[in-house]
There are 2 protein chains.
Amino acid sequence: MSSIRYAMLTLLAREPLSGYDIKQQMNNRMGPFWKAGSNQVYPELAKMEGEGLVKLYGLEQHAYRPVRKLYEITEAGREALIQWTTEPTERENIRDEFLLKAYNTWLVEPEKMIIRIEEKKKEHEERLAAYLDKVEELTQLLDSSNSKAPIASSLSVVEFGVQYERLYIEWCDKLIKKL
Amino acid sequence: MSSIRYAMLTLLAREPLSGYDIKQQMNNRMGPFWKAGSNQVYPELAKMEGEGLVKLYGLEQHAYRPVRKLYEITEAGREALIQWTTEPTERENIRDEFLLKAYNTWLVEPEKMIIRIEEKKKEHEERLAAYLDKVEELTQLLDSSNSKAPIASSLSVVEFGVQYERLYIEWCDKLIKKL
DNA sequence: ACCCACATGTAAGGAGTTACATGATTAC
DNA sequence: GTAATCATGTAACTCCTTACATGTGGGT
């Protein structure tokens, strides 16, 4: 499995990045679809360098700061990524803690539950807003509209996010009405 | 975190169950929302028994088979479950491997990608059908329509599943059209 | 003959989270 | 003075997956 390495290659296929950049993009830009801590990113980068999937692209030194080690994807890395992308994917579960809690609604005073649902709704409204911003941003970058641009792929994924957040918000509304 | 124990308590709050039952319900009935292996279920049951959250309800012996050890939730267990349910829940990510692959669509020949998307679509159509069956089943069990019944809570969660699968299928369609 | 369902568990390992360490600068 | 950002990494720990162990009866 170990999809962390493919998440990293996914980003590196677009531009050279440092370990720090990768972490940031995963936790902010890309995401929150796929998160990673530094403990995963740095060792995995080193491992991939050893296997020839990425290589050092250059070093950047900004004044006092630690040296930024930029990595780029190699041809072998690109091939591995394409191979993985076109492989069948295992079934995946939703696994959302709040859904699990929703199973216990009947055990709990409705007022208390409603507070939590409202909270969740707000959270997903925030995410929806963030995704919509991203959609706009990406749409403007696109307009040449060739489906082979990386941006087109990003857009599709973010649009999934938009739909997902909308569904979540609607579901929260329905739940509140029921109680 | 360790939400596995609360997933187990969620099931035990409704009826006494054996470890095997819990595993089965998680991987089939309840799910696939929350999965667990026997290695998690049995030790966790023992731990919870030690903490007084569950207690042995009885033993069942069917002919040649190993003894079924049925557990029931205690008052302390029920309180812990209610406490957890009404606590705020952390933000959670989508984390679907196929979405990650979708970021790489631009790298791959469209025909190859379409094959995988069709596959995924089919998978989610199957799940949708299963969830719809469950909705029907639960709706029939309900009709007395008191929102304090466990079944009402189950229904809400399964309805989320239905909407989720629909959105996934639509998204697959849109992706295919784009390519 | 062979695999699956039932039913309990244990063992080993991989994946992921949280915290720590270092160290200079900028913002409040 | 305190915290946050940049930037690299390590350590410890929990969580989860996969495989194994045992044993009988039923289906193909």
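Before going into details, it helps to say that this report is about the structure given with it. (Residues numbered from 1 in each chain as written. Chains lettered and ligands numbered in written order. Predicted model: local features only at pLDDT ≥ 70, side-chain atom pairs only at ≥ 80, totals over all residues. Heavy atoms only, no water.)

### Concerning the pattern of salt bridges
This model, assessed by the stated rule, comprises 26 salt bridges over all chains. Close ionic contact of E159(B) with K178(A) constitutes a salt bridge, the shortest N to O distance being 3.2 Å. One end of the pair, E159(B), is in helix α7 (residues 150-178); the other, K178(A), is in helix α7 (residues 150-178), on a second chain. Here K178(A) falls in the partly exposed class, since its relative accessible area comes to 42%. Salt bridges sharing partners connect three or more residues here, namely R5(A), E44(A), K47(A) and E51(A). (Salt bridge = Lys/Arg side-chain N within 4 Å of Asp/Glu carboxyl O. Helix = DSSP H or I, 4+ residues; strand = E, 2+ residues; numbered from the N terminus. Buried < 20%, exposed > 50% of the residue type's maximum accessible area, 1.4 Å probe, protein only.)

### Quick look at the protein's contact with DNA strand C
The full set close to DNA strand C counts 18 residues, and S2(A), N39(A), Y20(B), K69(B) and R95(B) are the nearest of them. Protein-adjacent atoms of DNA strand C, using a 4 Å cutoff, are sugar or phosphate at a proportion of 58%. When residues of the surface near DNA strand C are traced back to their parent elements, those giving at least two are α3 (38-50) of chain A together with α2 (19-29), α3 (38-50) and β3 (68-73) of chain B. For the surface near DNA strand C, a count of residues per class yields six nonpolar, eight polar and four charged. (Near = heavy atom within 4 Å. Nonpolar A, V, L, I, M, F, W, Y, C, P; charged D, E, K, R; others polar.)

### Side note on the sheet that holds strand β2 (residues 54-60) of chain B
By definition, the strands of a sheet pair up through backbone hydrogen bonds, in either a parallel or an antiparallel sense. All names here are of chain B. Taken together, three strands build an open sheet; the order of strands is β1-β3-β2 and the sheet is antiparallel. Each edge of the sheet is formed by a strand with only one pairing partner; in this case those strands are β1 (17-18) and β2. Pairing geometry for β1 and β3, over two bridges, is antiparallel. Looking at β3, one finds that S18 is bridged to L70. Its contacts with the sheet put α3 on β2 and β3, and the angle it makes with β2 is roughly 120 degrees. (Pairing = 2+ DSSP bridges. Contact = heavy atoms within 4.5 Å. Axes fitted to C-alpha atoms, helices over the stretch in contact; angles between N-to-C directions.)

### Regarding the interface of chain B and chain A
Taken together, the contact between chain B and chain A spans 66 residues of the former and 66 residues of the latter. The contact between chain B and chain A buries some 7,300 Å² in all, and 61% of this surface belongs to carbon and sulfur atoms. Looking at the side of chain B facing chain A, the largest losses of area belong to Y103(B), W106(B) and F160(B), adding up to 12% of the total buried there. In this structure, the connection of chain B to chain A is made through four salt bridges. Of the charged contacts, one joins R91(B) and E126(A) as a salt bridge, the two residues approaching to 2.8 Å between their closest N and O atoms. Applying the counting criterion to the chain B and chain A interface returns 32 residue pairs in polar contact (both at pLDDT 80 or more). If you list the elements that add at least two residues to the side of chain B that touches chain A, you get α1 (4-12), α4 (75-85), α5 (97-102), α6 (110-142) and α7 of chain B. For the side of chain B that touches chain A, the element with the most residues is α7(B), which contributes 15 residues. Taken together, the residues that form the side of chain B that touches chain A break down as 31 nonpolar, 13 polar and 22 charged. (Buried area = accessible area lost by both parts, 1.4 Å probe. Polar contact = N/O pair within 3.5 Å; in protein donor to acceptor, adjacent residues only side chain to side chain.)

### A few points about the packing of helix α2 (residues 19-29) of chain A against α3(A)
All names here are of chain A. Where α2 contacts α3, the axes come no closer than 9 Å and their chain directions differ by 135 degrees. Classified by the interaxial angle, the pair formed by α2 and α3 is oblique. The two elements α2 and α3 cross, and the hand of that crossing is right-handed. Mapping the contact onto sequence places G19, Y20, I22 and K23 in α2 and S38, V41, Y42 and L45 in α3. Grouping the constituent residues of the contact of α2 with α3 by class yields five nonpolar, two polar and one charged. (Parallel < 35°, antiparallel > 145°, perpendicular 65-115°, else oblique. Left-handed = near helix turned anticlockwise from the far one by under 90°.)

### Re the protein's contact with DNA strand D
Not every one of the 17 residues close to DNA strand D is listed here, only the nearest: Y20(A), K69(A), R95(A), S2(B) and N39(B). At 3.2 Å from a base oxygen of DNA strand D is found a side-chain nitrogen or oxygen belonging to S38(A). In this structure, a phosphate oxygen belonging to DNA strand D sits 3.1 Å away from a side-chain N or O atom of Y42(A). For the surface near DNA strand D, the element with the highest residue contribution is α3(A), accounting for three residues.

### Points about the sheet that holds strand β2 (residues 54-60) of chain A
Residues and elements named next belong to chain A. Spatial strand order, β1-β3-β2: three strands in an open sheet with antiparallel pairing. Two strands close off the open sheet at either side, each with one partner strand: β1 (17-18) and β2. Here six bridges tie β2 to strand β3 (residues 68-73), and the two strands are oriented antiparallel to one another. Within β3, the residue paired with L56 across the bridge is Y71. Sheet strands in contact with helix α1 (residues 4-12) are β1, β2 and β3, and its direction is about 90 degrees off that of β3.

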